[in-house]
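# Understanding the architecture of this molecule
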Amino acid sequence: MALEKLGKALNNALRKLARSGTVDEALIKEVVRDIQRALIQADVNVRMVLQLTKTIEKRALEEKPPAGASKKEHIIQIVYEELTKFLGKEAKPLEIKDKPTVLLTVGIQGSGKTTSVAKLARHLQKRGYRVGLVCSDTWRPGAYYQLKQLVEPFGIEVFGDPEEKDAVKLAREGVEYFKGKGVDVIIVDSAGRHKEETGLIEEMKQISEAIKPHEVILVIDGTIGQQAYNQALAFKEATPIGSIIVTKLDGSAKGGGALSAVAATGAPIKFIGVGERIDDLEPFDPKRFVSRLLGMGDIEGLLQKLEELQKAQEFKEEDLEKFLKGKFNLKDMYAQLEAMQKMGPLKQILQMIPGLGYSLPDDAVKVGEEKLKRYRIIMDSMTEEELEHPEIINYSRIKRIARGSGTSTQEVRELLHQYNQMRKMFKSMDKRKLSKMARKFNFGGFGI
Ligand SMILES: Nc1nc2c(ncn2[C@@H]2O[C@H](COP(=O)(O)OP(=O)(O)OP(=O)(O)O)[C@@H](O)[C@H]2O)c(=O)[nH]1
């Protein structure tokens, strides 16, 4: 998850609020101080932090909760709203209107630009667009091969010539080439040789002049923290058609600083990079981002996931019921693990459930394809009764199952251990929260 450390610190501050008996001025001040500390540690500009937290404190002390909401809920809402504003308020999605839409990407060396271009191409391709990539990096011949290698598995074509020395000529030719091919989006990747803003902006201007892009996208390295401000500002002033991708927000201690600094310039952040894999690019939506960051639960995201979840054949409604109630046997566990493999990590889904974020042990829900096959083999040697009531499986049964399935007693125990862990985990979840969520998502019929 992006900005995990900051998220945890903010989540802790809000938990402190949620757990306390009465909400008074001293508590509000303490929570605000915790939020301050968390943001400053994430390299957010101190002046900006003070301004933000002053607003939060003032609103929390002065405003009355709306009808039906508690003081605590209202304060959480204020924190959410102010942080959302802080990060740009509304999502500004990348729009593909004309055919072809031409995008030009620029970025300082090492920012993650080439990787981001490949990710963006794949993101658009997954949404049904035909994409062509132009590598106009005449500075680093390797860039062309790097890009090709990243997108070739997906059948995305890259235009380039590692021998060519004229970047503007290459960009122009590349765009013409893909126009001829009738693609929907052309992304031109420029050279990343620049060490600072001035050179980068000069090159952007030259290439822009030649290819007239619909949008220029600046790729900024999120690990530079609040230093991103100057880069984003210089870029914003140089082009009215600019947007930004902030990369490397996974694991960076300074990512919060970078995001807020870029947002402060008013330049739209359209995507964030959250990992090295090609799918690790997320459209940036401040509301969704902040709610997930706070561990409040990403309602929209959760709804969408639950929809997908129900679509998956393996995941029938009664499965979901058992799953949420923590009442399931080995057969159910197998079905869940299998479905989860198709759906993406369970952890991610559960993190979106309000109030449950961060509390899940990884190994309780993660299982690889190979392991799943072994589980199948082991379970084939169990009786119906054992599958339905795993608690009866004692040591002599474990030995028999291992022998029958050609596995080891250790593997059988491992399977049972995973089952117990999952059961325990679901059982320990706050049933009140789960039932609240169930009502929210119309799963009231599930009786939780
Ligand atoms: N963890 C993480 N790593 C990233 C992310 N985006 C890029 N990287 C890594 O950052 C390094 C530099 O990325 P490149 O795409 O080569 O970036 P670049 O140096 O800007 O490319 P050019 O300037 O075009 O040569 C690579 O090791 C990438 O895998 C991200 O979102 N998360």
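Residues numbered from 1 in each chain as written. Predicted model: local features only at pLDDT ≥ 70, side-chain atom pairs only at ≥ 80, totals over all residues. Heavy atoms only, no water.

- The name an unreviewed UniProt entry assigns to the protein is Signal recognition particle 54 kDa protein, from the organism Thermococcus thioreducens.
- In its Subunit (unreviewed entry) section, the UniProt entry covering the protein states "Part of the signal recognition particle protein translocation system, which is composed of SRP and FtsY. Archaeal SRP consists of a 7S RNA molecule of 300 nucleotides and two protein subunits: SRP54 and SRP19."
- Listed under Catalytic activity (unreviewed entry) in UniProt, the entry text for the protein is "GTP + H2O = GDP + phosphate + H(+)". (UniProt positions renumbered as here; feature names shortened; annotations may be inferred.)

### Describing the nonpolar core
- Ile-244, Val-246, Leu-259, Ile-272 and Phe-289 are the most contacted members of the largest nonpolar core, which has 70 residues in total.
- Mapped onto the domain boundaries, this core takes at least three residues apiece from domain 1 (4–86) and domain 2 (101–293).
- In contact with Phe-289, other than residues within four places in its own chain, are Ala-2, Leu-3, Leu-87, Leu-259, Ile-272 and Phe-284.
- Residues Ala-118, Ala-121, Val-185 and Ile-245 belong to the second largest nonpolar core, which totals 25 residues. (Core = buried A, V, L, I, M, F, W, Y, C linked by side-chain atoms within 4.5 Å. Buried < 20%, exposed > 50% of the residue type's maximum accessible area, 1.4 Å probe, protein only. Domains from an automatic or database assignment. Contact = heavy atoms within 4.5 Å.)

### Considerations on the site of the ligand
- Around the ligand lies a shell of 18 residues, among which Gly-110, Thr-114, Thr-115, Arg-140 and Asp-250 are the nearest.
- A distance of 2.4 Å is found between an oxygen atom of the ligand and a side-chain nitrogen or oxygen belonging to Thr-114.
- Lys-248 places a main-chain nitrogen or oxygen 3.0 Å from an oxygen atom of the ligand.
- In the complex, 81% of the free accessible area of the ligand, which totals 650 Å², lies under the protein chains.
- For the shell around the ligand, the element with the most residues is helix H5 (residues 113–126), which contributes 4 residues.
- Each residue belonging to the shell around the ligand can be placed in one class, and the counts come to 2 nonpolar, 10 polar and 6 charged. (Near = heavy atom within 4 Å. Polar contact = N/O pair within 3.5 Å; in protein donor to acceptor, adjacent residues only side chain to side chain. Areas by Shrake-Rupley, 256 points an atom, 1.4 Å probe, with all protein chains shown as cover. Helix = DSSP H or I, 4+ residues; strand = E, 2+ residues; numbered from the N terminus. Nonpolar A, V, L, I, M, F, W, Y, C, P; charged D, E, K, R; others polar.)

### Side note on the packing of aromatic side chains
- Counted according to the given criterion, the structure contains 4 aromatic pairs.
- The interplanar angle of 70° and the centroid separation of 5.2 Å between the aromatic rings of Tyr-144 and Tyr-145 together place this pair among those described as edge-to-face.
- Residue classification places Tyr-144 among the buried residues on the basis of a relative accessible area of 12%.
- Classification of Tyr-145 by relative accessible area gives partly exposed; the value is 48%.
- Ring plane angle 35° and centroid distance 5.2 Å describe the contact between Phe-159 and Tyr-177, whose orientation is recorded as tilted. Of this pair, Phe-159 sits in strand E3 (residues 157–159) while Tyr-177 sits in helix H7 (residues 167–181), and the two are 18 residues apart along the sequence.
- Residue Phe-159 is classed as buried on the basis of its relative accessible area, which comes to 18%.
- Among the aromatic residues, ring-to-ring pairing joins Phe-159, Tyr-177 and Phe-178 into one connected group. (Phe/Tyr/Trp six-rings, centres within 6.5 Å; stacked < 30°, edge-to-face > 60°.)

### Remarks on the sheet that holds strand E5 (residues 215–221)
- With respect to topology, 8 strands assemble into an open sheet ordered E3-E2-E4-E1-E5-E6-E7-E8, the strand pairing being mixed. Each end of this open sheet is capped by a strand with a single partner; those strands are E3 and strand E8 (281–283). Taken pair by pair, the neighbouring strands of this sheet meet at an average axis angle of 25°, ignoring direction.
- Strand direction decides the pairing type here: strand E2 (residues 131–135) and E3, joined by 3 bridges, are parallel. Pairing of Gly-132 across the sheet is with Glu-157, part of E3.
- Across the sheet, H7 is in contact with strand E1 (101–107), E2, E3 and strand E4 (185–189); its angle to E3 comes to roughly 145°. (Pairing = 2+ DSSP bridges. Axes fitted to C-alpha atoms, helices over the stretch in contact; angles between N-to-C directions.)

### Description of the UniProt feature "domain: SRP54-type proteins GTP-binding" (unreviewed entry) in the protein
- Within this structure's numbering, the places UniProt gives as "domain: SRP54-type proteins GTP-binding" (unreviewed entry) are residues 268–281.
- In the segment residues 268–281, helix accounts for 0% and strand for 43%; the C-alpha atoms at its two ends are 16 Å apart.

### Description of unusual backbone geometry
- With an omega of -5°, the peptide bond running from Lys-99 to Pro-100 counts as cis.
- With respect to the helices and strands, Pro-100 occurs in the loop between helix H4 (71–86) and E1.
- The backbone of Lys-212 shows a phi angle near 45°, a positive value even though the residue is not glycine.
- Along the chain, Lys-212 turns up in the loop between helix H8 (197–211) and E5.
- A residue is classified by how much of its surface remains accessible, and Lys-212, at 56% relative accessible area, is exposed.

### So, the environment of Arg-397
- Along the chain, Arg-397 turns up in helix H18 (residues 395–405).
- Residues Arg-397 and Met-382, spaced 15 residues apart in sequence, show a C-alpha to C-alpha distance of 8.7 Å.
- Apart from the residues within four sequence positions on either side, Arg-397 is in contact with Thr-383, Glu-386 and Ile-392.

### Concerning the pattern of salt bridges
- Summed over the entire model, instances satisfying the criterion amount to 27 salt bridges.
- Across the pair Lys-16 and Asp-34 runs a salt bridge whose closest N-O atoms are separated by 2.7 Å. Note that Lys-16 is positioned in helix H1 (residues 4–19) and Asp-34 in helix H2 (residues 25–41), a separation of 18 residues in sequence.
- Owing to a relative accessible area of 14%, Asp-34 belongs among the buried residues under this scheme.
- Where Glu-152 meets Lys-148, a salt bridge forms, and the shortest distance between an N and an O atom there is 3.5 Å.
- Given a relative accessible area of 26%, Lys-148 falls into the partly exposed group.
- Here the residues in one salt-bridge network are Arg-59, Glu-63, Glu-81, Glu-82 and Lys-85, joined through shared partners. (Salt bridge = Lys/Arg side-chain N within 4 Å of Asp/Glu carboxyl O.)

### Looking at the pairing of E5
- Within E5, 7 of the 7 residues are buried, leaving the element largely enclosed by the surrounding structure.
- Side-chain alternation along E5 places Glu-215, Ile-217, Val-219 and Asp-221 on one buried face and Val-216, Leu-218 and Ile-220 on a second face that is also buried.
- The sheet contact formed by E1 and E5 spans 5 bridges and is parallel. Residue pairing across strands places Leu-104 opposite Val-216, the latter belonging to E5.
- Judged from the 6 bridges that link them, E5 and strand E6 (residues 242–247) form a sheet pairing that is parallel. If you follow Val-219 over to E6, its bridge partner there is Ile-245.

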